[in-house]
Amino acid sequence: MTDKKNTFSRRKFLGAAMSTAAAVSVAPLIKQSSAYGKQAVKKKRIALIGTGNRGEGMWGRNLIHDWKDYVEMVGLCDPNKVRLEEAKKRIRTDAPTFTDFDKMMKTTKPDILIVTTVDSTHYKYIIKGMEYGSDIITEKPMATDEKQCQAIIDAQKKTGKKIIVTFNYRYGAVHEKAKEVLLSGDIGRITSLDFHWYLDVRHGADYFRRWHAFIEKSGSLFVHKATHHFDLVNWWLDAEPVEVFAFGELQKYGKNGAFRGKNCRLCRYKDKCEFYWDITKNQRYVDLYTKAEKEDGYFRDACVFRNAINIWDTMAVTVKYNSDVLMSYSLNAFMPYEGCKVGFNGTKGRLDVRMWERQPWKESRLGEIRITKNFGKSQVIDIHHATGGHGGADPKLKDMIFKLNVPDPLNQAAGLRAGVMSILTGIAGYHSVEEKRSVKISELVNF
Ligand SMILES: NC(=O)c1ccc[n+]([C@@H]2O[C@H](COP(=O)([O-])OP(=O)(O)OC[C@H]3O[C@@H](n4cnc5c(N)ncnc54)[C@H](O)[C@@H]3O)[C@@H](O)[C@H]2O)c1
């Protein structure tokens, strides 16, 4: 069901390219001749727009050094020229820098454009990038509203270019194990699930310090953050959302604070604010953000209690899927620990998934999977940490995208349709909160 009509259509690919049962990644943007691993390949010429945290790290420095046999950086672009030059130094590349996107595309003619800008600007670069003839790798969320989504779908049809959405969560060890159990059929047909994501007072609060705190930039946490979770559900269930009803409240941050300032460094409540955070202790953040403030006035350590904050920190969503599965989902952003709890209810039993990202108690495991059969036994599988960003998920995602013939038995590679479906749940969610009604996915875009 997922990605049925996308250029990365798994079924189409399987039909055309395979006669055996073992699936192979549909993602690679690199043509190859031999088996999985290191091959002689023509390196892909990569340009990157958005040289902030994610652009400099995951898609800059890490990519061009650790995947150097597969890619070369040909251009870097960001409207903030101080951040751009600081990022270039940190990435350690000779690639030319541009503050003008069109100039970069015309000059460098990249095979692939990587989009790591503020969420609400992704669509502009995805569309223009395809029109300039490049394939696209975009950070999640692909877009923040339905109009942007529709414009991307239409431009992709017109240009025939490829879009990969970087859903690293699909590669997390706990999430992969859950997918394997679901595919095994051990707990029967899934009828419903409860999915709860907890953001803690460190990471959760950080969304309220940055551009993410404004719905016009991030689409709210329904889109910016929950796109990961809604994508996981679409992928786990091989289903697509049909109808969404949501509530959202701002209970802790923004207007709820007893006092506020502009940003932590200049704040007179430093000593009494539980959310005081000293950005100057992190040299990378100083280079990328505080040195660049004079260019665009963007404060990375802005006050979490600003009155203008208009996203929610407490969210509850009900979703119906095209497989008749029902989901109860919640996202809370000021919890004492970070992680998730998911329970799948099946006709033959239940699968409980627990993942810990940060907690004030000692926990050596990354997560736990419990399979309990109706009238039967309960079995626990411990999941341990792997090396690499997001618990080892980030490097696996890059292997899937850039290495060749990477097996994809779990269907982890995600293209346009998956990108669209993951954000439509969140977009329907914020419309539902604002309009106090349930929203059908079919109201939003037309494939
Ligand atoms: N998959 C993940 O786990 C993950 C993790 C972190 C971030 N992300 C995604 O990466 C993207 C970047 O996040 P970040 O944390 O690096 O943010 P950031 O604020 O550090 O970087 C954003 C960059 O975009 C630039 N920018 C702002 N407005 C722009 C415009 N109109 N046109 C072009 N560039 C513009 C800024 O100057 C900045 O350099 C976001 O979409 C975010 O959702 C994904």
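This text follows the structure it describes.
In this report, the structure presented in the accompanying data block is examined. As the structure is a prediction and not an experimental result, all values here were calculated from the model. (Residues numbered from 1 in each chain as written. Predicted model: local features only at pLDDT ≥ 70, side-chain atom pairs only at ≥ 80, totals over all residues. Heavy atoms only, no water.)

1. Points about the site of the ligand
Then, number 1: Taken together, the neighbourhood of the ligand is formed by 24 residues, with Asp78, Arg83, Asp119, Tyr125 and Tyr289 sitting nearest.
Then, number 2: Within the backbone of Arg54, one N or O atom sits 2.8 Å away from an oxygen atom of the ligand.
Then, number 3: Here an oxygen atom of the ligand and a side-chain polar atom of Arg83 are 2.8 Å apart.
Then, number 4: The protein chains hide 88% of the 840 Å² of surface that the ligand would expose on its own.
Then, number 5: Sorting the residues of the shell around the ligand by element identifies α2 (53–66) and α5 (122–131) as the ones contributing at least two each.
Then, number 6: Residue classes in the shell around the ligand are distributed as 7 nonpolar, 11 polar and 6 charged. (Near = heavy atom within 4 Å. Polar contact = N/O pair within 3.5 Å; in protein donor to acceptor, adjacent residues only side chain to side chain. Areas by Shrake-Rupley, 256 points an atom, 1.4 Å probe, with all protein chains shown as cover. Helix = DSSP H or I, 4+ residues; strand = E, 2+ residues; numbered from the N terminus. Nonpolar A, V, L, I, M, F, W, Y, C, P; charged D, E, K, R; others polar.)

2. Some words on the packing of aromatic side chains
Then, number 1: The final tally for this structure, using the stated rule, is 20 aromatic pairs.
Then, number 2: A ring pair is formed by Phe230 and Tyr329, whose centres lie 4.8 Å apart and whose planes are at 55 degrees; its orientation type is tilted. Residue Phe230 is found in helix α11 (residues 226–237), and its partner Tyr329 is found in strand β10 (residues 326–335); the two are separated by 99 residues along the sequence. Of the two residues, Phe230 and Tyr329, neither departs from the other in class, the shared state being buried.
Then, number 3: Look at Trp236 and Phe344: their rings are 5.2 Å apart centre to centre, the planes differ by 85 degrees, and that puts the pair in the edge-to-face class. In this pair, Trp236 is assigned in helix α11 and Phe344 in strand β11 (residues 338–346), connecting sequence segments 108 residues apart. (Phe/Tyr/Trp six-rings, centres within 6.5 Å; stacked < 30°, edge-to-face > 60°. Buried < 20%, exposed > 50% of the residue type's maximum accessible area, 1.4 Å probe, protein only.)

3. Observations concerning the environment of Glu240
Then, number 1: Position of Glu240 relative to the elements: it lies in the loop between α11 and β8 (241–249).
Then, number 2: Of the residues examined, Glu240 reaches a relative accessible area of 8% and is grouped as buried.
Then, number 3: With 177 residues separating them in the primary sequence, Glu240 and Arg417 have C-alpha atoms 9.9 Å apart.
Then, number 4: One polar contact links Glu240 to Arg417, side chain to side chain, over a distance of 2.8 Å.

4. Topic: unusual backbone geometry
Then, number 1: With an omega dihedral of -15 degrees, the bond running from Lys140 to Pro141 counts as a cis peptide bond.
Then, number 2: Positionally, Pro141 belongs in the loop between β5 (135–138) and α6 (146–159).
Then, number 3: Its identity as a non-glycine residue notwithstanding, Ser220 has a phi of 75 degrees, on the positive side.
Then, number 4: Relative to the assigned elements, Ser220 resides in helix α10 (residues 220–224).
Then, number 5: Not every positive phi belongs to a glycine, and His390 is a case in point at roughly 50 degrees.
Then, number 6: What makes His390 partly exposed here is its relative accessible area of 44%.

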